[in-house]
Structures are given as structure tokens and as C-alpha cells.
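One-letter residues, chain by chain:
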Amino acid sequence: MSQMKSRSGIELKDFFQRADGTDEKPGEFPYTRGRRAKTSGTWIQRELSGEGPPSRSNEQFRYLIEHGSNGLDVIGDAATVAGIDPDHPIAQISCGTQGVALCRKQDVVELFKNIPLDQVSISCSLNPLSTVACVALAAKEYGFPLEKLRGSIIQAPLYAESCCYATNLPTDYRIKMTLDTIEYATKHMPKYHSYIEDTYFFSESGIDGVEEMALGFLQIRFLTRKLIERGLDIDSFAPRIAILVNCSMDFFEEIAKIRATRRIFANMMRDEFGAKDPRSHGVVVTSHTSGLSLTAQQPVNNIIRGSIQAMALALGGVQAMEVSAFDEAFRTPSPESHMIGLRTQQIVALESKAAQVADPLGGSHYVEYLTDQMEERIVNRVHQLEAMGDADELEKRGVFEQIFQDAMAKQQRDVSKGHEPLVGVNCHTIPEEEDTLLRDVAERKITPYHAFVEEIVEWKKARDMDKVRDSLKRFAETIEEDQNVVEATQNCLNEGVTFGELKGTARQVFGLEYDSYGMVEPILEKVA
């Protein structure tokens, strides 16, 4: 490989440190400066995708891959994320308009058609249980060995109901789904990141970086203890934990937050949980640029915001990145915004050369000060929260919901009163009639995919309902017996059970009404 050089021909090393060599090196514990001593100069480049039925979203995937994306991020529509089938009365009016509509095994199989699942990393912002079960079934369908399967799934059992992943499932069952999927993937899908701690989605409520990472580490610590209680060795699952952080517009603080996150994770895993494998210490950090920072006013400004955040992530040394679409305030990403987000990453990686040296800002007095401050404040906040009680009990008491509500209210006040400058909104505004640049793209409407709703309705009528009921009975029994539910879920999916029917039956096991809206009749009259 040729020697790295700057534009003026200055020879570069893999990383730089003090002349006496006494400071921390990248690739060494506690990994503040990065997981590797030598950077590849780039990262997994993803863009959020998902629209309409699985076939439409599959087209988006192939479009992104053809234009250089080496990773994908799948988002379900509102009903899919909530575990509601497309033919449910409240889902029909918006089917596929905020993400992909999925409810059965063949949908996931269609979604990943002609996608090399052993080469392309696919991050899924979907229900963890049905997704892991279905991804494994789809991999088998296409002949990909489970041990080579790449990808990841978001786990958010403590915060899902308070933010955008609400499922109307009991806390204890959400925790069980998370533990079961991590346990299953640890045994059968060793390259799959079965636990993404997604601090992005609750950070979008407006909480600051300290609170974001404190809540993230609170959940990591809680779930790690639960997995160890199940008998899993820390080094069997910790290497596959990843953290997906938010990236706001506070450029240097975001870089410091990423550096502090790596240090906190390494010290926690080694010193508190006794992890011995170095892979358990060096956490994978990925990021999504902030959708909250994007505005409906002057949407072209969002391209600049995404570029600044992408540069911060490159300098912070993330392993994967997604740039929010400039039209996010209006819709799921258009082809134009997909291209701009992907090209933003490619220009930062290839033309700016920002990531060709590991931790290029390491040693900066400002960045080191911010890193130390972020670490101290995050750790103190975690201890403060844990002193209030067990994390699952805090969730049941509504502590987290109140944190998010307070943050959202403060965010709105700060913007409306001008305390938080937002160009185009509370400063440097222009008349509405002049705000036309890229607006035609941003406001392009997505119509609900009613044909997919009709397809689901007819498909349900043609099923063997005896097989559906029998498999659901075994699924319910597995939950009641507190056994791992992944294989029982796969059995249901193979017999034609939908995601919504799995959710409804689980609600029945916990003594709740089958449909939280009272609009759909249960498949099983009794589950026990």
C-alpha cells in the first residue's frame, strides 16, 4: 500500500501522539482514540430506507447498493414498528408511507431478494423478535449460512413506549424479547449485532449528549446483568454490542461524546463485568445524523447540516454512518435525498481525507477537555439514575417518559424564544414565497399503498387456520413457560402467522386485550 500523504505531499502516519509516546494510542485500551490503530479511511455507508411494500423497498436497497452504499438501514412504517398488520383499520390509511410495510415471513423474504446478506450489513429499526426470527428464515431461504449473516437490530425495551417505537406491550415482555433474541443470535448468528443500543431515537426528544449516553449506558448495564443471570458468558455477547449515537450540531461535543463513549464502555466491560476478550472492550460506534436538527423551512439548509454532522462523525471515528435526508421534515427519503446523503458520505471519506488518520483531533486541548467532561458527567448521571431504582421499575413508574417530555418541551421553548439559533426558523428567515429551493422534491407526496392492504386481506383468507392456531398455542405456551421464544416465533411465521397476531397473542398471555384498539378479534379465544 502506498504511503499516505496530505495534498501537499506531507507523509502521514496511521496515528499521531506526543513525542515521548506516553499517551494513549488508537487501538489500545480503553479505546478512547478508536478501536483500531489504523483506520481504513472510511466506514460502512448507510442511508435510511423503506417505503411501501417489500418489493418497493427492495428497489431502494438495490439503488443504494448500485451507487456505492455498503450498508442498509431499514425502517418500518408506523404500523409495522408498532406490530400492527397493514389491514388493521388504523393502518390502512397510511400503509407504507413512513417506511416499509411488513407483517409476515414472505414480506421479509421479498425485502431481501438479491441482497447479499453475508456481505451487506443491514441495520433494522423494527421489532426485534419478529425481525431476528424472519431474517434468519430469509437467510435460510436464500442459502446464506446463519453464522455468516451480517446486520443488526435495535433493542429498546426500556424506552420504546416513551418514544417512537411504542408497541403497547408490557415492559416485562419487551425485556424478554430483547434477551431472547440476543441469546438466540449469540448461539446461532455470531457475526450479527443482535444488540444495537440506539441512543439516537430517544435523543431526538431533545435531551443533551450527557443524558443521551447516560440513558444508553443505563440500558446496556441493565441488559448485560440480565444476560449474565441467564448464564451467558460476558465475552459471548459483548463483542456484538454496538451503540448507535445521535449527532447534533455541536460539532466538537459530538466528537468528544463518541470518544468518551468508547472509554466508558471499555472500562465498564473490563472492570465491572470482567470481560477478558479485547473485542468485548472496543465497542462499535455507529451514528445517524440528527433528524431533529432538520427544518421544513429552507430545506436546502439541511444538506449543510448533514455535511457538518458527517464530518464530526468521520473525525470521531465511527464504524458506520447514516446522513439524514434533507426532506426528512416532510417524508421518507426521496431518491434525490438518498443520493445526496450517500454522496455526502463519499465526499467526506474520499475528498476531505478526514478519516485517513486515526483520531486526528486527539491531543487537542479542547477536545480532550470535552472528552473528560463528557465521561465524568455521563458516568455520574448513570449512577444517579441507578440510585433511583432498577431500570425496569423506573420505566414502569414513568421516569423515562417524563425525562423525554421535559426535554421536548424545553427544546420547543428554546427554539421559539430564540435561545437556540435555528437558521431559517428563528433567525435569517425569508418570506414563504421565496422559500422554493428543493421544496418541490421535499413536498412530493407518498400515497398509501392500498394494493398491499388488499393483498394481505386476501392472503389471510387463504391460510390454513388450524395450523395458524396450533402454532400460536405453542407460542403462547413458550411465553408462559418462560422459554426462549425465537424458534416458536419462527414456527408461527412458517405457518402463516403475522407480526400483529404474534403481538396480540403475547398481549393475551399477559392478561391484556388482544388488540389494544379493540378493533380486531383474537385468533385464539383463550391462550391458557
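Residues numbered from 1 in each chain as written. Predicted model: local features only at pLDDT ≥ 70, side-chain atom pairs only at ≥ 80, totals over all residues. Heavy atoms only, no water.

Asks: Please clarify how the overall build of the chain should be interpreted in this entry.
Replies: Per the secondary structure count, the chain includes 20 helices and nine strands. For the chain, the C-alpha radius of gyration of 23 Å lies close to 24 Å, the compact-globule estimate for 528 residues. Viewed in the frame of its principal axes, the chain has a C-alpha envelope of about 75 × 60 × 50 Å. Every one of the 528 residues in the chain was classed for burial, and the buried ones make up 57%. Sequence-distant contacts in the chain: of pairs separated by 6 or more residues, those separated by 24 or more amount to 77%. Carbon and sulfur atoms form 50% of the exposed surface of the chain, whose accessible area is close to 22,100 Å². Of note, the chain has its 58 positive side-chain charges centred 5 Å away from the centre of its 80 negative side-chain charges. (Helix = DSSP H or I, 4+ residues; strand = E, 2+ residues; numbered from the N terminus. Rg over C-alpha atoms; globule rule 2.2 N^0.38 Å. Buried < 20%, exposed > 50% of the residue type's maximum accessible area, 1.4 Å probe, protein only. Contact = heavy atoms within 4.5 Å. Areas by Shrake-Rupley, 256 points an atom, 1.4 Å probe, with all protein chains shown as cover. Lys, Arg positive; Asp, Glu negative; His and termini not counted. Charge placed at Lys NZ, Arg CZ, Asp CG, Glu CD.)

Asks: Looking at this model, I keep getting lost on the nonpolar core. Mind explaining?
Replies: Across soluble globular proteins, you tend to see nonpolar side chains buried next to one another. The biggest cluster of nonpolar side chains holds 75 residues, and the ones touching the most others in it are Tyr159, Leu215, Phe217, Phe265, Met269, Ile378 and Phe400. It is helix H7 (residues 209-229) that provides the largest number of residues to this core, a total of 10 residues. With sequence-adjacent residues up to four places away left out, isoleucine 378 is seen in contact with Val210, Met213, Ala214, Phe217 and Ile264. Within the second largest apolar cluster, 55 residues are counted, among which are Phe112, Leu117, Ala506 and Leu524. (Core = buried A, V, L, I, M, F, W, Y, C linked by side-chain atoms within 4.5 Å.)

Asks: Hey, could you run me through the pairing of strand S7 (residues 241-247) in this one?
Replies: Every other side chain in a regular strand lies on the same face of the sheet, so the side chains alternate between the two faces. Counting buried positions over the seven residues of S7 gives seven, a clear majority of the element. Here S7 shows two buried faces, one formed by Ile241, Ile243, Val245 and Cys247 and the other by Ala242, Leu244 and Asn246. As paired elements, strand S6 (residues 193-198) and S7 share four bridges and run parallel to each other. Its bridge partner being in S7, isoleucine 196 is matched across the sheet by alanine 242. Relative to strand S8 (residues 284-289), S7 runs parallel, the two being bridged by six bridges. Within the sheet, the bridge partner assigned to asparagine 246 lies in S8 and is histidine 288. (Pairing = 2+ DSSP bridges.)

Asks: I keep staring at the pattern of salt bridges and nothing clicks. Help me out?
Replies: In a structure, side chains of opposite charge can pair up when their charged atoms sit close to one another. A full pass over the atoms with the stated rule returns 40 salt bridges. Residues arginine 463 and glutamate 501 are paired through a salt bridge, measuring 2.9 Å at the closest nitrogen-oxygen approach. Pair noted here: arginine 463 is in the loop between helix H17 (450-461) and helix H18 (465-480) and glutamate 501 is in helix H20 (residues 499-509), with a separation of 38 residues, a long-range link. For arginine 463, a relative accessible area of 12% gives the class buried. Exposure remark for glutamate 501: the relative accessible area of 3% places this residue in the buried category. One network of salt bridges, in which partners are shared, links Lys176, Asp180, Glu183, Lys187, Arg230 and Asp482. (Salt bridge = Lys/Arg side-chain N within 4 Å of Asp/Glu carboxyl O.)

Asks: In this structure, what is going on with the domain arrangement of the chain? I would like to understand it.
Replies: Interface size, as often reported, equals the accessible area lost upon joining of the parts. If you check the domain split of the chain, you get domain 1 (44-416) and domain 2 (464-528). Computed from C-alpha atoms alone, the centre-to-centre distance between domain 1 and domain 2 is 28 Å. Residue-level contacts link 31 residues of domain 1 with 27 residues of domain 2. The contact between domain 1 and domain 2 buries some 2,400 Å² in all, and 67% of this surface belongs to carbon and sulfur atoms. Of all residues in domain 1, the largest losses of buried area upon contact with domain 2 belong to Asn168, Tyr173 and Lys176, amounting jointly to 20% of the total for that side. Where domain 1 touches domain 2, the interface holds one salt bridge. Where aspartate 482 meets lysine 176, a salt bridge forms, and the shortest distance between an N and an O atom there is 3.4 Å. The tally of links between domain 1 and domain 2 comes to 16 residue pairs in polar contact (both at pLDDT 80 or more). (Domains from an automatic or database assignment. Buried area = accessible area lost by both parts, 1.4 Å probe. Polar contact = N/O pair within 3.5 Å; in protein donor to acceptor, adjacent residues only side chain to side chain.)

Asks: For this particular structure, what's the right way to read the sheet that holds strand S1 (residues 44-46)?
Replies: Strand pairing in a sheet relies on backbone hydrogen bonds. The paired strands run either parallel or antiparallel. The strand order across the open sheet formed by nine strands is S1-S9-S8-S7-S6-S5-S4-S3-S2, and the pairing between neighbours is parallel. On the outer flanks of this sheet lie S1 and strand S2 (48-49), each paired with one strand and no other. Relative to strand S4 (residues 121-125), strand S3 (residues 71-75) is paired through five bridges, and the arrangement is parallel. Across the sheet, residue aspartate 73 finds its bridge partner in S4, namely serine 123. Sitting on the sheet, H7 touches strand S5 (152-155), S6 and S7, and the angle it makes with S7 is about 165°. Against the sheet, helix H12 (residues 335-350) touches S1, S2 and strand S9 (320-322), its axis set at about 160° to S1. (Axes fitted to C-alpha atoms, helices over the stretch in contact; angles between N-to-C directions.)

Asks: Hey, could you run me through a nonpolar patch on the surface in this one?
Replies: Residues Ile90, Tyr517, Met519 and Val520 make up a contiguous nonpolar surface patch of about 330 Å² in total accessible area. Tracing the backbone through its elements, the reader meets methionine 519 in the segment after H20. (Patch = residues over 30% accessible without salt bridge, like charges linked within 9 Å, V, L, I, M, F, W, Y side chains within 5 Å.)

Asks: Help me understand the side chain of glutamine 45, please; the structure alone is not making it clear to me.
Replies: Considering the arrangement of structural elements, one finds glutamine 45 in strand S1. Note on glutamine 45: relative accessible area 7%, which makes it buried. Leaving out residues up to four positions away in the same chain, glutamine 45 has contacts with Gly68, Ser69, Asn70, Gly71, Met321, Leu342, Gln345, Gln346 and Ala349.

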